[in-house]
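# Structural description and commentary
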Amino acid sequence: MKTICLFHLELCRLLKSRFTYLIIVLSVLSPVIGLILYKPAAASTMLSIYIANPAIAGGMASGIMFGMLAVFELDRAARSRVDILIYAAVSPLCMALVRILTLMIAALITLGLAMLVWLPVSKLLIGSVFGFVDYVLAYPIFMGLAMPLGILSAAAAYQFTQRADLTMVLFAAFAALSLTLWADNWQLCWLNPCVWALSDDFSNFRIFRSVVYMRLTWLVALSGVWTISWLCLRQYGKGLLGSLLLSVRRIYRPTVALILLTFSVIAYAGQPMVDNSNPDETAMLFNEVPYTEDVVCTGYTAQIFPDVNAGTLSGYTAYQFQNGSGQEQRVAFGINPGYAVSNVKANGLDVPFLVSDYQEYNEAMLEITIPADKQVELTMEYGGFPRENANMSTMQGSTEISEEYMCLENATLSPRLMNVPPDENMYPAAIEITLPYSMTLIPFGNSDAQVVAEHENGTKTWRYKRNSTGGIVYAGNYIREEVVVDGFTIEFYYGSKHKAVMESAGAVNAIKSVVDYCVEHYGYLSFGDENKLKLIQSRVLGGGYAAGGASLLDEADFTAENLSNADKGSESGEVMIHELVHQWWGLGNMFDVSYPNSLWSAEGLTVYTTYRIVKELYGEDYAQKYYVAQWQKAVDDYYLDFYVRNPEYLAALPADKQLEITDNLTYVRQYCEMPLKILKAEALVGGEEAMDKILNGLFNRELDPMYPYLTYQEFLNACGLTEEDLNLA
Amino acid sequence: MRKIFGYECKRLICSKFFIGIILVILFYGWQVLNRVTILGVSHTAPFSPWSYGDYLSRMIPLLWIGALFLLTFFTSKAEQRRKAITSATPVKPSVYGLVRFCAAMTGTALLALVVILLAIVFYGQMFNWYAWSSLLLPTFFTFVPTLVFALGSGWFMGHFKAWLLFLWMLLPLPEFLGLLNGSVFAERPLTLNVLDPAFSLSIGTVIAQCVLLLTGIALMAVSAAKSKKY
């Protein structure tokens, strides 16, 4: 009762303080920093610019200010030299508890005010793609949770040191670490969460979950640290240790602190958001798993049930094998590291299985021993919260599973068979996915999905067929538009919220011009019997990919911000251009698997063609500035790098640093150096027209069925050049 | 005077604050060296004067705050109350003030030394590199003007209004003082158009640093002159 009374009194006192008013007002205004100065979310979507950036900047500023307010308030009694009087009447422990609670209430009030003030502003700035749910989640998560963290850390530092000056230094260093050195570590950046983009058209629950997880981990950890510091509060004229010994006599106090700290360590180490993929992105150990002998896969089925509320997925898959070896065999699957596998049976009997600790490209390896029977039906259940690739941990959000959007790629969709060859029919598969009624399922590729069942619980089961071990599906509230270009049909899928932007941006015309360019310069694509290509808009990804019969269009290709910004207008759709061009270079014409140090891949010709299209669409100056100059700079930077020039020093570095430096190698060589070489070849063969003829010849050449890949030597031969001719030095 | 100087130094250095800030510097500095400096700046080696200068620049905000907090030992309200006693001693206030300023400078120099030693240990451990003489110039040009300015301006402000020191700690690092935000070390090597250029500074930067140094000294002198009046 006394504590409640004290709490009321302290809260009234705090809220009457002019300094508190100042902190509250500044905190409420602080999101403006995210509009002007501090823009951690790099994507050009409206929600990134007008919700993520202001909320994160507001969280950063208000977290720091509330930390300072905490120090100011905790030091007040000592500063005014009334601490002896106060602590004669009230226990310092009780007073510290009351103070921290009142500061938390002040933070809550600040958050409420900030949300009220910024709601109309955000709505006005964002326009038609404003999402109330995103707003209501973003501000409390990005901004609101920063304030208690600031308060707890500053209060803990003060309670340990009992000195305002030292506390300020400790707090400044703690904040500076988050803002600088820890900024790229999604679990450590307590003040400025790693949010690179929020989607305008689809939901953002996955990235919100990730930030909540990080913030709650810190909240528990700092609560534990604060509790220990609380036990160290000086009492009865004793020092830190003496006071600690007095405080821990009530055993529940240190127990709570230890539980909190232990829980935070477990939460940090056992985080469920990203996997432990090998940081060496050139490693391909899963590709080296030896194939089984005398075992073939004759097909498989999968039933998948995404839980759109929890963001999880469960599934059942059945593989059919013919085992001609007469003995047990170990078959290997790639599976999302977030999934648990259970109920693994071969011909109805339990069989042993093992999930590897080693992970690569967002997959763990599931190894199952199948019996010696001639016909084996292997069934298994799997499910859980899909983890994202650790190497992309600062760009989380791609494995969104919600009622608005879903993207399930390869091992996240169903276990991907690694080491069993197919029979003559390849890998025929039937996939069934049960989705909410409002969602449309779009397989990424040539297949089409059909609704095979409607359920009373508001879901529908979709079914499609594919013929490969992996595959990607998209699902969401999509609009489908058919674009007929040069005799074939492009099925253009985009989010329903994006309709107005797509129309204003002239997306359909942009698609037509890309296809026209490629057909005119290189020739027609073969899209099979139906002669169609899917172009699917994804949630903001920062890149894209293409497969036979489908290309991706990043949401950020066409945004309202790009349209309203005259300087950025011409950037619209460049990921879409790149991924469409891959239908010609990469899919229409195949390239062998490229090795880490290899220059030659589908990317070289694709990037070069993208540059040519951009040059035609947006002018030579633009193409020179944003393509050729950027390639040149990246290549120059790479070859001037100290460690590239002095590999002996690179070898002396820790493995993670070596990887950080060498991982750029593949990217720079394939995406920057090769396009520059092709540009040089263009000049040597006599200009763009001559190069177009050469590329047309290569695209339409007669393929060797044993090795249908386009090689660097073929390219050089067609140009009449040697490797040395294309040296850039 | 030596005794007073020794006493003031002891008061600063044997405090919880000083030990605390050294620990913070060690932790923060090691993080900077391991995460940023190790990659090298502008195509130069991690142990080049440029990368080292970039490291020093990243540590300056912490030293800036530390130096100003050391000054609060002499400008706090408690210290003002003690002034009645210290003023009654037969020591000239200006000399006494100078001794205290020197003590604060010694404390700051020790903090800077910790930063430098940390880098030396890092370079030795990671690269077996011990050619420390090449680090003298960047150390001098980065630390001396900035920290003298921090102390001089802080001393001046602290004696005017003690709370101004806390505001001064939040000084946004201005762009034109390139050495303060490290941009000089990242940008200048690229403008020299040679690989691994020898350390040099533009005339503009040298002038800016000299102005900073002289302003710091001038502000300190003004404060000392003011204290004569008492």
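These figures come from a predicted structure and were not determined experimentally.

Here we take up the overall build of chain B. Of regular secondary structure, chain B possesses ten helices and zero strands. For chain B, the succession of helices and strands along the chain, N to C, is α-α-α-α-α-α-α-α-α-α. Expected size for 230 residues packed as a compact globule is a radius of gyration near 17 Å; at 19 Å, chain B falls within 12% of this value. Expressed along its principal axes, the backbone C-alpha trace of chain B runs to roughly 60 × 35 × 30 Å. Burial status across chain B gives 53% buried among its 230 residues. Considering only contacts within chain B whose residues lie at least 6 apart along the sequence, 83% involve residues at least 24 apart. Summed over its atoms, the accessible surface of chain B is roughly 10,800 Å², and 72% of this surface lies on carbon and sulfur atoms. Across chain B, 18 positive and 6 negative side-chain charges occur, with their mean positions spaced 20 Å apart.

Moving on to the overall build of chain A. Scanning chain A from terminus to terminus reveals 24 helices and 20 strands. Residues classed as buried in chain A amount to 54% of the 729 residues present. Long-range contacts, defined as pairs at least 24 residues apart, comprise 74% of the intrachain contacts of chain A with a sequence gap of at least 6. Summing over all exposed atoms, chain A offers an accessible surface of approximately 30,300 Å²; the carbon and sulfur share of this is 58%. Side chains of chain A give 47 positive and 76 negative charges; the mean places of these two sets differ by 16 Å.

This paragraph deals with the packing of helix 7 (residues 92-126) of chain A against helix 8 (residues 132-144) of chain A. All names here are of chain A. Helix 8 packs onto helix 7 with a crossing angle of 140° between their chain directions and a minimal axis gap of 11 Å. Here helix 7 lies oblique to helix 8, going by the angle between them. Note on packing geometry: the crossing formed by helix 7 with helix 8 is right-handed. Between helix 7, through Leu 111, Ala 114, Met 115, Trp 118, Leu 119 and Ser 122, and helix 8, the contact on the second element is made entirely by Phe 132, Tyr 135, Val 136, Tyr 139, Pro 140, Met 143 and Gly 144. Classifying every residue of the contact of helix 7 with helix 8 gives eleven nonpolar, two polar and no charged.

Residues and elements named next belong to chain A. With the rule as written, the count across this model stands at 26 salt bridges over all chains. The salt bridge involving Arg 480 is made with Glu 491; its shortest N-O contact spans 3.6 Å. Highlighted residues: Arg 480 in strand 16 (residues 478-485) and Glu 491 in strand 17 (residues 488-495), separated in sequence by eleven residues. What makes Arg 480 partly exposed here is its relative accessible area of 44%. With its nearest N and O atoms 2.8 Å apart, the salt bridge here joins Asp 692 to Arg 612. With a gap of 80 residues between them, Asp 692 in helix 23 (residues 688-699) and Arg 612 in helix 18 (residues 602-618) connect regions that are remote in the sequence. Through salt bridges with shared partners, a single network forms among Asp 448, Arg 480, Glu 482, Glu 491, Lys 532 and Lys 534.

Residue and element names in this part refer to chain A. Even without a glycine there, the phi angle at Tyr 236 is positive, about 50°. By the element assignment, Tyr 236 lies in the loop between helix 11 (205-231) and helix 12 (240-247). Of note in the backbone geometry, Asn 362 takes a positive phi value of approximately 65° without being a glycine.

Residues and elements named next belong to chain A. Position of Ala 221 among the secondary structure elements: in helix 11. Residues Ala 221 and Asp 592, 371 residues apart in the sequence, show an inter-C-alpha distance of 49 Å. Those residues within four positions of Ala 221 in sequence are excluded, and the remaining contacts are Leu 261 and Ser 264.

So, about the interface of chain A and chain B. Between chain A and chain B, the contact holds 31 residues from the first and 30 residues from the second. Carbon and sulfur atoms supply 70% of the area that chain A and chain B bury against each other, a total of about 2,600 Å² over both sides. In terms of surface lost to chain B, no three residues of chain A exceed Val169(A), Leu181(A) and Phe642(A), which account for 22% of the buried area on that side. Linking chain A to chain B there are one salt bridge. Taken together, chain A and chain B are joined by eight residue pairs in polar contact (both at pLDDT 80 or more). Counting only elements with at least two residues in the side of chain A that touches chain B, the list comes to helix 10 (164-179), helix 19 (620-640), helix 20 (642-645), helix 21 (647-652) and helix 22 (655-685) of chain A. By residue number, the principal contributor to the side of chain A that touches chain B is helix 10 of chain A, which donates nine residues.

The next thing to look at is the domain arrangement of chain A. Residue and element names in this part refer to chain A. Each assigned domain of chain A is listed here: domain 1 (2-269), domain 2 (274-476) and domain 3 (585-726). The distance between the C-alpha centroids of domain 1 and domain 2 comes to 42 Å. At the junction of the two partners, domain 1 supplies 13 residues and domain 2 supplies 17 residues. Buried surface at the junction of domain 1 and domain 2, summed over both partners, amounts to about 1,400 Å²; 53% is from carbon and sulfur atoms. In terms of surface lost to domain 2, no three residues of domain 1 exceed Trp 196, Arg 206 and Arg 209, which account for 47% of the buried area on that side. For the pair domain 1 and domain 2, the interface holds one salt bridge. Across the pair Glu 388 and Arg 206 runs a salt bridge, and its minimum N-O distance is 3.5 Å. Inspection of the region where domain 1 meets domain 2 yields eleven residue pairs in polar contact (both at pLDDT 80 or more). Its residues placed into classes, the side of domain 1 that touches domain 2 shows six nonpolar, three polar and four charged.

What follows deals with the confidence of the model for chain A. Detailed conclusions should not be drawn from predicted coordinates in areas where pLDDT is low. Residues and elements named next belong to chain A. For chain A, mean pLDDT is 88; residues scoring 70 or higher make up 96% of the total. At the low end of the mean pLDDT range in chain A sits helix 16 (residues 560-564), at 60; at the high end sits helix 11, at 96. In this model, residues 566-570 is a region of pLDDT below 50 whose contacts with residues beyond four sequence positions or in other chains number five contacts.

Take the sheet that holds strand 6 (residues 353-360) of chain A next. Residues and elements named next belong to chain A. Ordered by their spatial adjacency, four strands build an open sheet running 6-7-3-10, and the pairing between neighbours is antiparallel. Looking at strand neighbours, the two that pair on one side only are strand 6 and strand 10 (416-417), the edges of this open sheet. Bridging between strand 3 (residues 329-335) and strand 7 (residues 363-370) involves seven bridges; their strand directions are antiparallel. Along strand 7, the bridge assignment pairs Arg 330 with Thr 369.

A separate point is the sheet that holds strand 4 (residues 339-346) of chain A. All names here are of chain A. The mixed open sheet is built from eight strands, whose spatial order is 5-4-8-2-1-11-14-13. At either end of the open sheet lies a strand with only one pairing partner, and these are strand 5 (349-350) and strand 13 (450-454). Pairing between strand 1 (residues 295-307) and strand 11 (residues 428-436): five bridges, direction parallel. Note that in strand 11 the partner of Tyr 300 across the bridge is Ala 429.

On to a negative patch on the surface. Residue and element names in this part refer to chain A. Together, Asp 486, Asp 516, Glu 520 and Glu 616 make up a negatively charged patch on the protein surface. Tracing the chain through its elements places Asp 486 in the loop between strand 16 and strand 17. The class for Asp 486 is partly exposed, based on a relative accessible area of 31%.

Turning to its location among the elements, Ser153(B) is positioned in helix 6 (residues 136-160). Those residues in contact with Ser153(B), other than ones at most four positions away along the chain, are Trp168(B) and Leu219(B).

With that out of the way, let us pick up the packing of aromatic side chains. Counted by the stated rule, this structure contains 59 aromatic pairs over all chains. Their ring planes at 80° and their centres at 5.6 Å tell us that Tyr618(A) and Tyr622(A) sit as a pair that is edge-to-face. Judged by relative accessible area, Tyr618(A) falls into the partly exposed class, the value being 28%. Note on Phe74(B) and Trp155(B): the rings are 6.1 Å apart at their centroids and 70° apart in plane angle, and the pair reads as edge-to-face. Highlighted residues: Phe74(B) in helix 3 (residues 49-75) and Trp155(B) in helix 6, separated in sequence by 81 residues. The exposure class of Phe74(B) is buried, given its relative accessible area of 2%. A relative accessible area of 5% means that Trp155(B) is categorised as buried.

Parameters and conventions
- Residues numbered from 1 in each chain as written.
- Chains lettered and ligands numbered in written order.
- Predicted model: local features only at pLDDT ≥ 70, side-chain atom pairs only at ≥ 80, totals over all residues.
- Heavy atoms only, no water.
- Helix = DSSP H or I, 4+ residues; strand = E, 2+ residues; numbered from the N terminus.
- Rg over C-alpha atoms; globule rule 2.2 N^0.38 Å.
- Buried < 20%, exposed > 50% of the residue type's maximum accessible area, 1.4 Å probe, protein only.
- Contact = heavy atoms within 4.5 Å.
- Areas by Shrake-Rupley, 256 points an atom, 1.4 Å probe, with all protein chains shown as cover.
- Lys, Arg positive; Asp, Glu negative; His and termini not counted.
- Charge placed at Lys NZ, Arg CZ, Asp CG, Glu CD.
- Axes fitted to C-alpha atoms, helices over the stretch in contact; angles between N-to-C directions.
- Parallel < 35°, antiparallel > 145°, perpendicular 65-115°, else oblique.
- Left-handed = near helix turned anticlockwise from the far one by under 90°.
- Nonpolar A, V, L, I, M, F, W, Y, C, P; charged D, E, K, R; others polar.
- Salt bridge = Lys/Arg side-chain N within 4 Å of Asp/Glu carboxyl O.
- Buried area = accessible area lost by both parts, 1.4 Å probe.
- Polar contact = N/O pair within 3.5 Å; in protein donor to acceptor, adjacent residues only side chain to side chain.
- Domains from an automatic or database assignment.
- pLDDT = per-residue confidence, 0-100.
- Pairing = 2+ DSSP bridges.
- Patch = residues over 30% accessible without salt bridge, like charges linked within 9 Å, V, L, I, M, F, W, Y side chains within 5 Å.
- Phe/Tyr/Trp six-rings, centres within 6.5 Å; stacked < 30°, edge-to-face > 60°.

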